[in-house]
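Descriptive analysis of the structure
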Amino acid sequence: MKLKHPISEKRLDPKGAVPKEILEQYPWHWNPMEQNHTDGNHFMRNIDFDWKGLGDWAVQKCNEHLTPQKYWRFDYDEDAIYHAKENVNDMPIKEQAFLAFKNNTHTPENSQYFKIANEEFEHWQEPLMKMFPNLKEDKMGISLFVQPPGHTMFTHVDTYSSFIRRTGDAKADYTVLRRYMAFVRDWDFGHFFHYGNHCFSQWRAGDCWDLVPGIYHGSANAGLNPKITIHWSGELKDVG
Amino acid sequence: MLDNQYFKKYLSDRNIDLKEHIQVDRLCTLDIDPKAFEDFANKNRQEATVKSYHPRPFLNSETNEQAINANWIGYNEHNTTETNWGLDPVHNQKLKEMIGSHNFEAMGIDPARSLVRLLEYMPGHCLPLHSDGLEGFKKLYGDLRPTRLFVAVSEWDWGHVLQLHDNVISNWSLGDTYVIPPNVFHASANFGISPKYTLTVTGVQQ
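For clarity, every value in this text was computed on a predicted model and none was experimentally measured.

Basis of the calculations
Residues numbered from 1 in each chain as written. Chains lettered and ligands numbered in written order. Predicted model: local features only at pLDDT ≥ 70, side-chain atom pairs only at ≥ 80, totals over all residues. Helix = DSSP H or I, 4+ residues; strand = E, 2+ residues; numbered from the N terminus. Rg over C-alpha atoms; globule rule 2.2 N^0.38 Å. Buried ≥ 20, exposed ≤ 12 C-beta atoms within 10 Å, placed from the backbone. Contact = placed C-beta atoms within 7 Å. Core = buried A, V, L, I, M, F, W, Y, C linked by C-beta atoms within 7 Å. Domains from an automatic or database assignment. Nonpolar A, V, L, I, M, F, W, Y, C, P; charged D, E, K, R; others polar. Pairing = 2+ DSSP bridges. Axes fitted to C-alpha atoms, helices over the stretch in contact; angles between N-to-C directions. pLDDT = per-residue confidence, 0-100. Arc of directions from axis to C-beta.

1. Some thoughts on the overall build of chain A
Regarding its fold elements, chain A presents five helices and 13 strands. Its C-alpha atoms give chain A a radius of gyration of 18 Å, near enough to 18 Å, the size a compact globule of 240 residues would have. Each principal axis of the C-alpha distribution contributes one length, and for chain A these read about 50 × 40 × 40 Å. Expressed as a percentage of its 240 residues, the buried residues of chain A come to 39%. A separation threshold of at least 6 residues defines the contact pool for chain A, and within that pool the share at least 24 residues apart is 79%.

Printed below as a string of structure tokens:
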């Protein structure tokens, strides 16, 4: 496969692609070689829940249509980044996605995932929403991602595009937003997730992490089983 | 969603169990110049081997069965493309010279009976879970029971990872070297935004 573009001779620095307000509100070391960091200190707890039931149900839901709803695509004619069918050039993720997809090798064919969100959770929605009473219920969003083998989620800082889309807010107030993530199944071969300079392994179903804004992270699946994570996003009740 | 029964059975038939711990320690850290390897890649790009993960007639049946199982669940040229140098004897010799005799001593590898390959994985690409067939080395030197080493030829960057059975190798420093034990299943990925450069050194121990 011949590249369609030259490889950048200088190291791409992702920091410059992150929205300025996130950098200001959540200072971070931005050094992959930094050893004196606290990136691995955001484990919250293992949540007791029927994770096997949820994971099996989610895979069944995916099997009903077999088509990952989400993928990323760069359109060179339009100079636009698409998340599935949506042009997200006006979203705060734009510059980070440009780094990964424009003149780079993340593509629609290696960035796919299934997504189940909010009311799509059916009978699972209510107990899942109760897990984080510190998030305002009216703006809370829950998303479950099934990442098939061979696909990656490019390294990025969360910019809460789904939250903006769902709430209709003109822009996100990152001082009050929070995201929590739990692994739905135990760690498996080829399942990679890094949060800053902390690379995860040996996780157990239900292990929950506080994804503090402003920390660069991403994931990949080079194994044989789907990797499943669930994310809660919303506004903190006691801030702002 | 994905029919991974064949891949699962392949692992099960060989008693591959992630819950069993396999100790993997860093062997040494080589003293190497990362720019030399990147420059080598860019200078010799036209002669590189560019491949994706799929069965090929010169690989052994075990390796090909693994590739078939991986292709069956969605691995293809869009997510497993690798550019490598070293199969060309001129490149192998040049890469050995770039490593240098002092580093071969540190690794405990006989440079005269070794195959060095420089691997480039671009963002979004991975090497699926597999065990090594060592076909390239065996073609050159026969069945000599070599040691396979992983060498980082650039400092670690976000999204660059290697899994050796139940060990995730990351946050490496330039030159960090690990033994990939025989028949141990491993995988790697690049989900960052910069290319990942590593070496595999396969050789007879001195």
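So, next bit.
2. Brief notes about the overall build of chain B
When helices and strands are tallied, chain B shows six helices and eleven strands. Here the C-alpha atoms of chain B give a radius of gyration of 16 Å, agreeing with the 17 Å that 2.2 N^0.38 yields for 206 residues. Sequence-distant contacts, at least 24 apart, represent 82% of the contacts inside chain B between residues at least 6 apart.

3. Section: the nonpolar core
By size, the foremost hydrophobic cluster in this structure holds 98 residues, and its most contacted members are Val 184 and Ala 222 of chain A together with Val 151 and Ala 189 of chain B. Broken down by element, the residue count for this core peaks at five residues, all from strand S8 (residues 177-183) of chain A. Built from parts of two domains, this core gets at least three residues from each of domain 1 (41-69 + 112-240) and domain 2 (71-110) of chain A. Sequence-distant contacts of Ala 222 of chain A, that is, excluding residues within four places in its chain, are made with Gly 190 and Phe 192 of chain A together with Cys 126, Leu 127, Pro 128, Leu 129, Ala 187, Ser 188 and Ala 189 of chain B.

4. Quick look at the interface of chain B and chain A
With 41 residues of chain B at the interface, the matching set in chain A holds 45 residues. Looking at the side of chain B that touches chain A, the elements that each hand over two or more residues are helix H1 (5-13), strand S5 (125-130), strand S7 (160-164) and strand S10 (186-190) of chain B. The leading source of residues in the side of chain B that touches chain A is S5 of chain B, at five residues. Of the residues belonging to the side of chain B that touches chain A, the class tally is 23 nonpolar, 14 polar and four charged.

5. Description of the sheet that holds strand S2 (residues 72-75) of chain A
Residue and element names in this part refer to chain A. Pairing is antiparallel in the open sheet, where three strands are placed in the order S2-S3-S4. The strands lining the two open edges of the sheet, one partner per strand, are S2 and strand S4 (86-87). Here strand S3 (residues 80-83) pairs with S4 via two bridges, running antiparallel. Paired with His 83 across the bridge in S4 is Glu 86. With respect to the sheet, helix H3 (residues 94-101) is in contact with S2 and S3, its orientation differing from that of S3 by roughly 95 degrees.

6. Let's talk about the domain arrangement of chain A
Residues and elements named next belong to chain A. Per the domain assignment, the segments making up chain A are domain 1 (41-69 + 112-240) and domain 2 (71-110). Listed per partner, the contact involves twelve residues of domain 1 and ten residues of domain 2. Going through the elements one at a time, strand S7 (151-156) and helix H5 (161-167) are the ones with two or more residues in the side of domain 1 that touches domain 2. Tallying contributions element by element places S7 first for the side of domain 1 that touches domain 2, with four residues. The class makeup of the residues in the side of domain 1 that touches domain 2 is four nonpolar, eight polar and no charged.

7. So, the packing of H1 of chain B against helix H3 (residues 61-72) of chain B
Residue and element names in this part refer to chain B. Two elements in contact, H1 and H3, have axes separated by 8 Å at closest approach and are oriented at 145 degrees. Contact residues: H1 offers Tyr 6, Phe 7 and Tyr 10, while H3 offers Glu 65, Gln 66, Asn 69, Ala 70 and Trp 72. Counted by class, the contact of H1 with H3 contains five nonpolar, two polar and one charged residues.

8. Remarks on the confidence of the model for chain B
The predicted coordinates of low-pLDDT regions are not to be read in fine detail. On average, residues of chain B score 96 in pLDDT, and 100% of them are at 70 or above. In the predicted assembly, ipTM is 0.97 and pTM is 0.97.

9. Points about helix H4 (residues 89-99) of chain B
Residues and elements named next belong to chain B. Among all positions of H4, only His 91, Leu 95, Lys 96 and Ile 99 are buried. The buried residues of H4 occupy one face: seen down the axis, they fall within an arc of 135 degrees. Among the exposed residues of H4, those pointing more than 90 degrees away from its buried face are Pro 89, Val 90 and Glu 97. Lining the buried residues of H4 we find strand S3 (82-85), helix H5 (101-107) and strand S4 (109-121).

10. Concerning the environment of Val 239 of chain A
All names here are of chain A. Residue position: Val 239 is located in the segment after strand S13 (227-235). The exposure class assigned to Val 239 is exposed, which follows from the 11 C-beta atoms found within 10 Å. Val 239 sits 105 residues away from Asn 134 along the chain, and the two C-alpha atoms are 9.9 Å apart. In this view, Val 239 contacts Thr 175 and Val 176; residues no more than four positions away in its chain are not counted.

11. Some remarks on unusual backbone geometry
All names here are of chain B. A positive phi angle, near 60 degrees, is found at Leu 134, a position not held by glycine. One can find Leu 134 in the loop between S5 and helix H6 (135-141). The phi torsion at Arg 145 lies on the positive side, around 55 degrees, for a residue other than glycine. Inspection of the secondary structure puts Arg 145 in the loop between H6 and strand S6 (147-152). Accessibility expressed as a C-beta count within 10 Å gives 8 for Arg 145, which makes it exposed.

12. As for the environment of Gln 35 of chain A
Along the chain, the position of Gln 35 of chain A falls in the loop between helix H1 (20-25) and strand S1 (43-46). Taking C-alpha positions, Gln 35 of chain A is 7.9 Å from Asn 197 of chain A, a pair spaced 162 residues apart along the chain.

13. Observations concerning the sheet that holds strand S8 (residues 167-169) of chain B
Residues and elements named next belong to chain B. Taken together, the four strands give an open sheet; going across it, the order is S5-S10-S7-S8, and neighbouring strands pair in antiparallel fashion. Single-partner strands in this sheet number two, and they are S5 and S8. The mean angle between the axes of side-by-side strands here comes to 15 degrees, regardless of whether they run parallel or antiparallel. The sheet contact formed by S5 and S10 spans four bridges and is antiparallel. For His 130, the partnering residue across the bridge sits in S10 and is His 186.

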